[in-house]
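Structural overview for review
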Amino acid sequence: MSFELFVALRYLREGRMQTLLILAGVSVGVGVILFLTALMDGLQDSLVQQTLGYQAHLVVRPPEEAPRILFSEAGSSRTVRLERPAQRLRSIQQWPQVLARVAATPGVVATSPTVTGSAFANRGEATRSVQLRGVDPGRFDQIVDVSGNLRAGRFVVQGGRAVIGAALADDLGASAGDKIRVLTVGGRSEVFTVAGIFDLRNKEVNQRWVIVSLPEAQTLLDLAGGISTIEAKVDEIFDAHQIAAGIAEATGLVAESWMTLNAQLLVGLRSQNSSRYMIE
């Protein structure tokens, strides 16, 4: 037996009460650290999963229109100013090829072409501002699990049927099987039958989303044959930013990850990690 071990055992044996208090204090401290670490990890996972429960891991869209350079002359002076043009809904050029390229990107596990624009939903005397989303239901369901979060009905959008959020259904007084009218800012309108009502546990989404088929949204938003965004899901969520940067460089389009779109959440998660490291 080494001298150090002999001294330690003798000290522990002779000061039993003190030894018990030390062991109890260390055990409590370790237990508190483990509890706080598990609590922070669970909270972080919950926040991330809740955020990604209603949005894609990354979104590809056309770049915004560049500001125009305007010249004006007054006497002998000439001034130059930049005027930011109004951003209109535009399609991704040659989007089937871009979609195939995004789908083939390492780390991407699902893609969905979408058309998204502003509209109004009307039923009786109730009218609400909504976000009209045209999707391929089979592909979109791999990005956002709509069918797994239905409160009523089914996720069916073909043949003049639509799926709406639970809060919007309450505002319009609509149930599955009822009809609503969707009007776009361009003056186009169409009547849809509510095929399903979803609850994605986000007030903004539940209050504004109206999901219809891709062709019907293209017609209503005057984007015949085009799409406004490509939404994608990746295998490792924290690799989304790097994958988006690679897609943007390869396609010349704007590719934004969920980390970019939720910058404040990411700052909070980093602060939480810093607090955990200090505790540990």
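In short, a report on the structure. (Residues numbered from 1 in each chain as written. Predicted model: local features only at pLDDT ≥ 70, side-chain atom pairs only at ≥ 80, totals over all residues. Heavy atoms only, no water.)

1. Considering the nonpolar core
The condition that has to hold: Each nonpolar core is a collection of buried residues, namely Ala, Val, Leu, Ile, Met, Phe, Trp, Tyr and Cys, held together in the definition by side-chain atoms within 4.5 Å. Classification of residues uses two cut-offs on accessible area relative to the type maximum, computed with a 1.4 Å probe and protein chains only: under 20% is buried, over 50% is exposed, and between them is partly exposed. Pairs of residues are marked as contacts when any of their non-hydrogen atoms sit within 4.5 Å.
Membership of the largest hydrophobic core comes to 46 residues, with the highest contact counts inside it found for Ile 164 and Val 210. In this structure, Val 210 is in contact with Val 130, Gln 131, Leu 132, Arg 133, Ala 162, Val 163, Ile 164, Leu 168 and Val 182, ignoring residues within four places of it in sequence. In this structure, Ala 56, Phe 140, Phe 155 and Phe 198 belong to the second largest nonpolar core, which totals 17 residues.

2. Observations concerning the environment of Leu 214
Applied cut-off: The numbering of helices and of strands both runs from the N terminus, where a helix is a DSSP run of H or I of at least 4 residues and a strand a run of E of at least 2.
If you trace the backbone, Leu 214 turns up in helix α7 (residues 214-220). Spatially, the C-alpha atoms of Leu 214 and Ala 224 are 9.9 Å apart, while their sequence positions differ by 10 residues. When near neighbours in sequence (up to four residues on either side) are disregarded, Leu 214 contacts Pro 113, Thr 114, Val 115, Gly 134, Val 135 and Ile 227.

3. A few points about helix α8 (residues 240-251)
For clarity, the threshold we go by: Between the first and last residue of a helix there are one fewer steps than residues, each counted as 1.5 Å, and that sum is the expected span. This arc describes the spread of directions from the helix axis toward the C-beta atoms.
Here α8 is 12 residues long and its end C-alpha atoms lie 16 Å apart, about the 16 Å a rise of 1.5 Å per residue gives. All of the buried residues along α8 are Ala 240, Ile 243, Ala 244 and Ile 247. Buried positions in α8, seen along its axis, are confined to an arc of 100° and lie on one side of it. Seen from the buried face of α8, the exposed residues on the opposite side, beyond 90 degrees, are Gln 242 and Glu 249. Looking at the buried positions of α8, the neighbouring elements they touch are β1 (58-61), α3 (95-103), β4 (108-123), β11 (229-234), β12 (254-257) and α9 (258-261). Among the residues trailing α8, Gly 252 stands out with phi positive, at a value near 75°.

4. Regarding the side chain of Asn 202
Quick note on the threshold: Polar contacts here mean pairs of N or O atoms no more than 3.5 Å apart (in protein, one a potential hydrogen donor and the other a potential acceptor; neighbouring residues in sequence count only if both atoms are side-chain atoms).
With respect to the secondary-structure elements, Asn 202 resides in the loop between β9 (189-198) and α6 (203-208). For Asn 202, a relative accessible area of 17% translates into the label buried. For Asn 202, the side chain forms a polar contact with the side chain of Tyr 54, separated by 3.3 Å.

5. Considering the environment of Ala 244
Tracing the sequence through the fold places Ala 244 in helix α8. Under the relative-accessibility criterion, Ala 244 is labelled buried at 3%. Sequence separation of Ala 244 and Val 60 is 184 residues, and the distance between their C-alpha atoms is 8.1 Å. Once residues within four sequence positions are removed from consideration, Ala 244 is found in contact with Leu 58, Ala 255, Glu 256 and Ser 257.

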